[in-house]
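# Architecture and fold: a report
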Amino acid sequence: MQENLFTDLFINSKWVKTNKQYVVTNPATGQQIASVSHAGSDEIEAAIQSATVAFKVWKNSSAKTRCEKLQKWCQLIIAHKEQLAALITMECGKPLKEAANEALYAASFVEWAAEQARRIDGVIIDSHMPNTEINVAYEPVGVVAAITPWNFPVAMVTRKIAPAIAAGCSIVLKPSELTPLSALYLAHLALLAEFPEGLINIIGGDSAEIGAKFTHDERIRKITFTGSTRVGKILLADSASTLKRVSLELGGNAPFIIFEDADMDEALAGLMQCKFRNAGQTCVCANRILVQQSIYDEFAARFKNMVAKLNVGNGFDENTNIGPLINLSGKQKAQAHIKDAVNKGATLYFGGEDLGGNFLQPTILTHVTDDALLCREETFGPVAPIFSFIDEDEAVYKANNTKFGLAAYFFTSDYKRIHRLKRSLEVGMIGVNSGVLSAENVPFGGVKESGLGREGGKPGIYEFVEAKYTMNKF
């Protein structure tokens, strides 16, 4: 795999090496994977200027051209899914099969955006005046700055780059310093797809320096960020000085509700899929499991039997179900949440063992109290806290009792309850009798402190355009 590593900055379709480097390590082994070029002020400026020049040309390209370029990129991503999967596993630790699925998931965003490039349709509005015609056209917003996280180092990149390009924008991307190699490999594939010079630029380095440049530079007209609520608030506040368009996909604290009339087999399968993907390091994974009191003990016992069968290990081992946490601080946060919950009355029902390095045994906590820290914070680890509730009103209250509002899940066979909860849960996305939400054709995003705007689906591409209204008098 080492021969497929790209470790330099990608500016104006050229690889740029810098003297200053930062190290990328494998979270499963702690070993150094590569040294990657660190962008300084000159390189940040060059990337933004490159995107600015490219935008002046790309914004006038035809929808057909944008579609064809993205389709070619999509085909290359699929053709190189094994290389991408190996990079993902090496950088962020998730099991190889899961990483391969991410590569295909990433390609789906590119495919969808390619199709949508042809469908950014303007409208003609009946005029309020005689002898006039009103047209509304959608034009690209401009140069886009994107900041992506480490937990989906390929999919989060394509989910931002592809719709921006489809809309006619150019882009400067800062991937996580923990997982830059996947993004740089995507740049290599963009070169093979013959993207125009400067259309995509990828830089890594000091987050604060790059973020400040993104927010204050007037040439950048849109910022799209996936990450913590704390950083999202900083970016939003700092963007006010230049009144940029901002999209934020931030933290979550997803409730996963199981009612007594649910299909328990279905609910357990959905919970396993939702909770432990990427070792619980996803923004939409179940962070609070709410089980109706009458089925609580049975559900917990069956859940424990399933969790006990999970294998923790290196993602390259074919028997691994759960890889490492991304780093030691990630593991320590999960451990702190376990300790806090137990100190406040919860029972350590299963797991919780420190397996060394960045590995943590999947953990089930029962009889968790509402004052536990994990009720207020996103755990981002393989920790499954189970709460109880008596009736629907209490379940809804507990589910909404958080500053976050990204995703929620509930399992029930009562169709009237389904319609009630769809309206009463304060989130941007809901899984009904399903533990899976994400897809390229749906509007992904949240409410409250989980963010602004949507990614994916038809709404996703309109995050990268501005409406221009023209009145024609004849």
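Structure report, in brief. (Residues numbered from 1 in each chain as written. Predicted model: local features only at pLDDT ≥ 70, side-chain atom pairs only at ≥ 80, totals over all residues. Heavy atoms only, no water.)

Right, let's get into the environment of Leu87. Looking at the secondary structure, you find Leu87 in helix H3 (residues 81–92). Since its relative accessible area comes to 1%, Leu87 is described here as buried. (Helix = DSSP H or I, 4+ residues; strand = E, 2+ residues; numbered from the N terminus. Buried < 20%, exposed > 50% of the residue type's maximum accessible area, 1.4 Å probe, protein only.)

Turning our eyes to something else, we now look at empty space enclosed by the protein. Tallied over the entire structure, the rule returns six cavities of 30 Å³ or more. Estimated volume of the largest cavity: approximately 90 Å³. Lining of the largest cavity is provided by Phe109, Trp112, Ala113, Gln116, Arg159, Pro163, Glu440, Gly456, Gly457, Gly460 and Ile461. Taken together, the elements giving at least two residues each to the lining of the largest cavity come down to helix H4 (96–117), helix H5 (155–167) and helix H14 (457–462). When residues in the lining of the largest cavity are grouped by element, the largest group, four residues, is from H4. Along the lines of polarity and charge, the residues of the lining of the largest cavity split into five nonpolar, four polar and two charged. (1 Å grid on protein atoms, 1.4 Å probe; cavity = no way out; pocket = protein on both sides within 12 Å on 5 of 7 lines; lining within 4 Å. Points joined across faces, edges and corners; volume = space filled by probe spheres on them. Nonpolar A, V, L, I, M, F, W, Y, C, P; charged D, E, K, R; others polar.)

What follows concerns the sheet that holds strand E13 (residues 286–292). With mixed pairing, seven strands are arranged side by side in an open sheet as E14-E15-E16-E13-E12-E18-E19. Edge strands, defined here as strands with exactly one partner in the open sheet, are strand E14 (347–350) and strand E19 (429–432). Averaged over all pairs of adjacent strands, the angle between strand axes in this sheet comes to 25°, irrespective of strand direction. Where helix H11 (residues 328–343) meets the sheet, it contacts E14, strand E15 (363–366) and strand E16 (383–389), and its direction lies at approximately 25° from that of E15. Contacts from helix H13 (residues 415–424) reach strand E18 (407–411) and E19, with the element oriented near 165° to E19. (Pairing = 2+ DSSP bridges. Axes fitted to C-alpha atoms, helices over the stretch in contact; angles between N-to-C directions. Contact = heavy atoms within 4.5 Å.)

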